[in-house]
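Next come the chains, spelled out residue by residue.
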Amino acid sequence: MKLWDFQKYRDLTAVITDAGQCYYYRDLDRMQQEFFSNIRQGSLICIFAENDMASLIAYLACLLHGVVSVILPAAGDPVLNGSVLQEYEPDYIWLSSRRYEQSSDRFTRYGDIVHLWDYVLLERGIQDRRKLHPDLVLLLPTSGSTGSPRLVRLSVQNIRQNTVSICSYMKITSVDRAVTSLPLSYTYGLSLVNTLLYAGGSILLTGKSVVRHSFWRDLEQYGVTIFSGVPYSYECMKKMNVKIAGLEKLRMLTQAGGKLTEELQGYWGMCAFDAGKQF
């Protein structure tokens, strides 16, 4: 049961980077197969994720081919990330070449086997062929982690049901485009990827923060229709006096990751109402 059908939408735009690079669904299909050719089905891989193509492709390949991925923020707490590696002993590690060069002493039990898209794939020296639950595809840290290496377990069925439900409720279609305003290592950030690619829509892939004016220029330039944020995002946007009415293609703003204050609910609710957008 695959979540995405890249061949169905092969000639549609799937990803645009903030540097203006365009990738079609057929490109995603080719790249995810190239990545998967270097790893074993049924293995466990840790992805030190950044909001870039290499991290995205690795996630897509794992979910499509039955490889269990642990997704951690590349710039996250090194102590917590280290404890996850020690506890779970993944068969592979995927991280940017830059970060590997800066901290190669942390991965002494691993050897690099592939360099691809400015990333490096590391393989653990001892392969114990552990048994993983057949339904397991994804392990994610909780947003409120207190330093524990415990992870949330997800199956393809979990992710698919959540994705279909969101697409139906939000009426996401192939004409929609979302922006990665949240990290790929965060459940809410991954949800954007899952839903837009399921519906044949597209993603503006960026690591820029909402506090940068260029982030908002990109939203207008690339015709983003859906923006998703957490309470802190909307606090920053209010302080920056972001005018959503000026974002012509934007049709919907969504929020999760905590409760908005009544003040922010009222403010953004009125801004959306006045601009003719959904909030």
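Since we're looking at a predicted model, the values are computed, not measured. (Residues numbered from 1 in each chain as written. Predicted model: local features only at pLDDT ≥ 70, side-chain atom pairs only at ≥ 80, totals over all residues. Heavy atoms only, no water.)

Novice: Lay out the overall build of the protein chain with the relevant residues and their values.
Specialist: Looking only at helices and strands, the protein chain features nine helices and 13 strands. Here the C-alpha atoms of the protein chain give a radius of gyration of 19 Å, agreeing with the 19 Å that 2.2 N^0.38 yields for 279 residues. The buried share among the 279 residues of the protein chain stands at 53%. Distance between charge centres in the protein chain, computed from 29 positive and 27 negative side chains, equals 4 Å. (Helix = DSSP H or I, 4+ residues; strand = E, 2+ residues; numbered from the N terminus. Rg over C-alpha atoms; globule rule 2.2 N^0.38 Å. Buried < 20%, exposed > 50% of the residue type's maximum accessible area, 1.4 Å probe, protein only. Lys, Arg positive; Asp, Glu negative; His and termini not counted. Charge placed at Lys NZ, Arg CZ, Asp CG, Glu CD.)

Novice: Provide a residue-level description of the nonpolar core, including the pertinent values.
Specialist: With 54 residues, the main nonpolar core has Leu-60 and Trp-94 as its most contacted residues. Considering every element that reaches this core, the biggest residue donor is helix α2 (residues 53-65), with 11 residues. One finds Leu-204, Trp-216, Val-224 and Met-237 within the second-largest nonpolar core, a separate group that totals 22 residues. (Core = buried A, V, L, I, M, F, W, Y, C linked by side-chain atoms within 4.5 Å.)

Novice: Can you explain empty space enclosed by the protein? Please cite residues and give values.
Specialist: Inspection of every chain in the model, using the stated rule, returns one cavity of 30 Å³ or more. If you add up the space inside the largest cavity, you get close to 30 Å³. In this structure, the largest cavity is lined by Ile-47, Ala-49, Ser-55, Tyr-59, Ile-71, Leu-184 and Leu-190. Secondary-structure elements contributing two or more residues to the lining of the largest cavity are β3 (44-49) and α2. (1 Å grid on protein atoms, 1.4 Å probe; cavity = no way out; pocket = protein on both sides within 12 Å on 5 of 7 lines; lining within 4 Å. Points joined across faces, edges and corners; volume = space filled by probe spheres on them.)

Novice: Break down the sheet that holds β3 for me, with residues and values.
Specialist: Sheet architecture is open: seven strands sit in the order β6-β7-β5-β3-β4-β8-β9, paired in mixed fashion. Looking along the sheet, the strands with just one partner apiece sit at the ends: β6 (110-116) and β9 (151-155). Between one strand axis and the next, the sheet turns by 25° as a mean value, whatever way the strands run. As paired strands, β6 and strand β7 (residues 119-124) are joined by six bridges and run antiparallel to one another. Paired with Leu-116 across the two strands is Tyr-119, which belongs to β7. (Pairing = 2+ DSSP bridges. Axes fitted to C-alpha atoms, helices over the stretch in contact; angles between N-to-C directions.)

Novice: I'd like a description of helix α7 (residues 213-221), backed by residues and values.
Specialist: Every buried residue of α7 is listed here: Ser-214, Phe-215, Trp-216, Asp-218 and Leu-219. Among the structural elements, β10 (177-179), β11 (202-205), β12 (226-229) and α8 (231-240) are those in contact with the buried residues of α7. Gly-223 occupies a position one or two residues after α7 and carries a positive phi of about 65°. (Contact = heavy atoms within 4.5 Å.)

Novice: Now, about the layout of surface pockets: what can you tell me, with residues and values included?
Specialist: One simple way to see leftover space: roll a probe sized like a water molecule over the atoms. What the second largest pocket holds in volume is close to 330 Å³. Taken together, 25 residues line the second largest pocket, and the ones lying closest to its centre are Gly-42, Gly-66, His-133, Pro-134 and Leu-136. Looking at the lining of the second largest pocket, the elements with two or more residues in it are α2, β8 (136-141) and α5 (156-170). Per-element tally for the lining of the second largest pocket: the top contributor is α2, with three residues. Classifying every residue of the lining of the second largest pocket gives 10 nonpolar, eight polar and seven charged. (Nonpolar A, V, L, I, M, F, W, Y, C, P; charged D, E, K, R; others polar.)

Novice: Which residues make up the pattern of salt bridges, and what values do they have?
Specialist: Scanning the entire structure with this criterion turns up 11 salt bridges. A salt bridge links Asp-11 to Arg-10; its shortest N-O distance comes to 3.9 Å. For Asp-11, a relative accessible area of 52% translates into the label exposed. What makes Arg-10 partly exposed here is its relative accessible area of 32%. The closest approach of N and O atoms between Arg-109 and Glu-89, which form a salt bridge, is 3.1 Å. With a gap of 20 residues between them, Arg-109 in the loop between α4 (97-103) and β6 and Glu-89 in the loop between α3 (78-88) and β5 (92-96) connect regions that are remote in the sequence. (Salt bridge = Lys/Arg side-chain N within 4 Å of Asp/Glu carboxyl O.)

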